[in-house]
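Next come the chains, spelled out residue by residue.
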Amino acid sequence: MPVEMRSVRDTAAVGRFPTVNFWEETEKETEKPEENNVQKENACQRWMRKVCPCCCPKPNDDDITDTVITGTDDGDKEDDTNGEKPVTDAGELDELLLKVQSVDLMKSRSGENRTEHHTSLYQSDDFIIRRGQTFQMWITLSRPFNPSTDKLHLDLKTGPLPAVSKGTHVIIPLVEELEDDGWEAAVVSQDDKRIKLSVHSPPTAAIGRYKLTVETSGASGRAVSTHDPANDIYMLFNPWCEGKRQVNSLDDQGVVQGNWSANYTGGSSPTLWSGSVEILKQYHESSGSPVKYGQCWVFAGVVTTVSRCLGVPCRTVTNFSSAHDTDVSLTTDVYLDENLEPIAHLNTDSIWNFHVWNDCWMARPDLPPGNGGWQAVDSTPQETSQGTFRCGPASLSAVRNGQVYLKHDCPFVFAEVNSDKIYWQRNADGTFSQIYSEKKAVGHNISTKAVGSDERSDITHLYKHPEGTEEERIAVETASRYGSKAEAYSSPTAEDVSVEVTMEGEGPTMGGDAELTIKLKNSSSEQRTVLLHSQAAVMYYTGVHKATVRKDNADVHVLPNEVKILEWSLNYKDYKDQLIDQAALMLTLSGRVTETQQVLATQFSFRLRTPDLILKPIGKAVVGEKTSVEISFTNPLPQVLKAVTFHVEGLGLVTARKIHYGDIGSHASMSLTEHFVPTLPGSRKLLASLDCQQLTQVHGVTDITVGEKSGAAL
């Protein structure tokens with residue numbers, strides 16, 4: 001009669017298995033003096049190795065252990081042979097001993113495991129799976145497995161000091177049937193010496209790289225399989241599992257080093273990067289030295305890649321006219337002197353032309369119900385949060401409703417997307433009075449890439465109520481009560497003259513003149529005279545002033561109920577020597593109505609458009625066969641572009657590579673042909689960028705459909 005298997009479910013803690021000697025485990029863990037000689041890693045290297053082990057394996061981590069064979073289970077018992085034990089031939093004992101001969105994790109990228117775990121597109125042959133889900137494996141033994149007399153369990157270890165109590169040392173028992181409530185394994189098929197296991201991990205399993213060994217035992221003794229690095233298991237987060245639902249280097253030796261100086265000596269311009277893979281590889285190959293250089297879109301791109309790689313739903317978010325509040329006022333403040341001139345040393349708040357961060361999807365059990373879902377995470381080092389340069393996760397629901405008292409960093413994110421821009425004028429006694437406010441200056445066209453297409457998806461409504469609505473004003477006033485300038489929200493003053501700046505079409509191009517339109521509207525029945533000040537400046541995209549390139553003053557007479565149109569232009573010769581990476585400029589208008597002393601103020605940011613690279617695929621693209629693309633470009637500037645470099649990259653098409661081209665003459669056209677061999681079939685994107693001292697932000701992209709190799713297995 002078969003021997004009944006003992007149930008192990010009642011011992012709920014990970015690793016409580018009847019045949020495991022935990023004293024022996026403790027000894028094994030403490031006897032590791034050689035680890036003291038391992039080169040010391042910084043915290044970020046260790047983090048990268050833990051969360052992305054397939055890219056960042058630990059050096060000398062893969063030593064294969066010897067098979068451990070212990071004595072028989074009843075070796076100390078006496079029998080009826082007057083204390084003499086029967087002599088068993090060593091070969092016979094070895095033949096009876098149940099040992100593991102091989103392990104097959106069925107890790108083919110096109111196989112059942114990786115397909116079911118949504119990891120088939122990872123460009124690695126390692127066994128990559130997700131927690132909270134079942135996977136299959138075959139074990140070949142030295143003899144057929146007898147469930148009545150034989151025992152078997154899987155042993156998984158992750159991290160430098162695996163511990164059962166921390167869930168980093170896991171002993172997986174065999175059970176009769178899986179119940180999906182923890183680490184379990186069940187035999188689902190047997191073919192002579194081979195058994196097929198179905199293994200389940202809980203949704204709370206630690207992510208990382210696990211070393212796998214198999215321990216077997218029976219009447220003839222125990223054996224532990226050798227550790228084979230090829231059978232390591234890479235466990236990721238699981239966004240498909242219902243059970244469970246930052247990157248800068250400034251203070252923790254992170255992946256990317258920020259640089260907004262326009263001097264990128266010793267590294268690469270942030271505009272040069274076209275993907276995260278090259279950055280992560282460079283970081284790993286340099287033993288954890290931060291990659292130079294990045295700005296907000298680079299930080300956000302890396303976060304998206306790493307988060308998705310680990311299984312965390314993540315998207316890149318762009319906010320246009322993004323405020324940077326430096327004093328927790330939850331307002332964007334502009335300080336003017338008695339003559340309405342900006343006071344530079346007080347104007348520390350700024351509005352970036354755009355800013356890029358991330359949304360990550362996660363549960364928030366630490367917040368009141370309703371605040372789970374998308375959370376804003378900003379990895380660009382702007383301000384510290386509890387002593388570290390970081391921001392978030394901030395609940396989008398909390399931000400939308402002005403609930404800035406909820407963690408983490410909701411005040412900063414709220415100010416980025418929905419702060420009012422308030423103008424303050426210095427009085428004769430040195431104090432300041434609020435003279436004007438703009439309620440729609442911040443947080444425009446908040447965008448992410450649409451799912452399944454290259455279209456822009458507008459998600460502004462997730463961050464704030466429609467501008468000007470009662471709900472939006474209530475959110476602003478709710479938030480302001482927790483800021484340092486709550487007194488700014490007083491009763492508005494009467495206004496009958498307004499000013500607006502507009503730009504036709506897609507705006508000015510690099511190398512050309514910039515033309516804008518200023519509209520002054522008099523809604524009263526009397527004439528108004530406006531003393532108007534204008535100032536044009538080159539700006540960093542972060543909203544920080546670089547250089548003033550033009551200043552004007554004018555008296556403008558506006559008839560009753562008239563809309564006065566003023567054409568304003570800025571010549572190329574006025575700004576060409578001051579331009580920096582993002583080709584960003586800002587027109588600041590301020591003025592006073594003579595008759596009523598009403599103050600007008602507005603700022604209009606715009607960017608000079610750069611030309612695109614034209615990418616034209618040549619011929620048919622097939623996996624494993626050489627194909628090519630033509631890259632063409634016309635220099636829009638009346639000057640030579642020096643030492644031009646192209647970057648080309650495309651997943652499944654070509655790994656990131658640099659092409660040192662040389663000079664391109666004034667208004668000259670060029671083309672080059674680049675060859676590559678596709679490695680993956682299907683619809684692919686090829687990206688290219690151009691970089692030089694005189695011109696940046698030049699990009700191109702094309703779609704390439706790659707066919708299967710002729711005769712390839714379906």
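As shown above, the structure is provided for reference.
Reading the values: rules and limits
- Residues numbered from 1 in each chain as written.
- Predicted model: local features only at pLDDT ≥ 70, side-chain atom pairs only at ≥ 80, totals over all residues.
- Heavy atoms only, no water.
- Pairing = 2+ DSSP bridges.
- Helix = DSSP H or I, 4+ residues; strand = E, 2+ residues; numbered from the N terminus.
- Contact = heavy atoms within 4.5 Å.
- Axes fitted to C-alpha atoms, helices over the stretch in contact; angles between N-to-C directions.
- Buried < 20%, exposed > 50% of the residue type's maximum accessible area, 1.4 Å probe, protein only.
- Core = buried A, V, L, I, M, F, W, Y, C linked by side-chain atoms within 4.5 Å.
- Domains from an automatic or database assignment.

Student: When you look at the sheet that holds strand 14 (residues 314–324) in this model, what are you seeing that I'm missing?
Tutor: Sheet strands associate in pairs through backbone hydrogen bonding, adopting either a parallel or an antiparallel arrangement. Reading across from one edge, 20-17-16-14-23-24 is the order of the six strands in this open sheet, with antiparallel pairing throughout. One side of each edge strand has no neighbouring strand; the edge strands of this open sheet are strand 20 (394–395) and strand 24 (456–458). Pairing analysis gives five bridges linking strand 16 (residues 350–362) to strand 17 (residues 373–377), with the strands arranged antiparallel. When the sheet's bridge partners are listed, Asn358 is paired in strand 17 with Val377. Its contacts with the sheet place helix 8 (residues 410–418) against strand 14, strand 16, strand 17, strand 20 and strand 23 (444–449), and it is angled at close to 70 degrees to strand 14.

Student: Can you help me understand the sheet that holds strand 34 (residues 627–634) in this one?
Tutor: Strands sit in the order 32-34-37 across an open sheet of three strands; the sheet is antiparallel. Here the strands that pair on one side only, and so sit at the sheet edges, are strand 32 (614–618) and strand 37 (669–676). The mean angle between the axes of side-by-side strands here comes to 20 degrees, regardless of whether they run parallel or antiparallel. Both strand 34 and strand 37 contribute to a ladder of eight bridges, which runs antiparallel. Along strand 37, the bridge assignment pairs Thr627 with Phe676.

Student: Is there a simple way to explain helix 5 (residues 277–285) in this structure?
Tutor: The α-helix advances 3.6 residues per turn, and as a result positions three or four apart in sequence lie on the same side. Taken together, the buried positions of helix 5 are Glu278, Ile279, Leu280 and Tyr283. Just downstream of helix 5, Ser287 is the residue with a positive phi angle, here 60 degrees.

Student: Would you mind going over the nonpolar core with me for this structure?
Tutor: One recurring pattern in soluble globular proteins: nonpolar side chains tend to sit buried together. Counting 56 residues, the largest nonpolar core has Leu613, Ile631, Phe633, Leu641, Phe646, Leu686 and Leu690 as the members making the most contacts within it. Counting the residues that make up this core, at least three belong to each of domain 3 (497–607) and domain 4 (614–707). Apart from residues no more than four positions distant in its own chain, Leu641 is found in contact with Phe633, Asn635, Gly662, Asp663, Ile664, Cys692, Gln694 and Leu695. Judged by nonpolar contacts, the second largest core, of 27 residues, contains Leu105, Ile129, Leu141 and Trp183.

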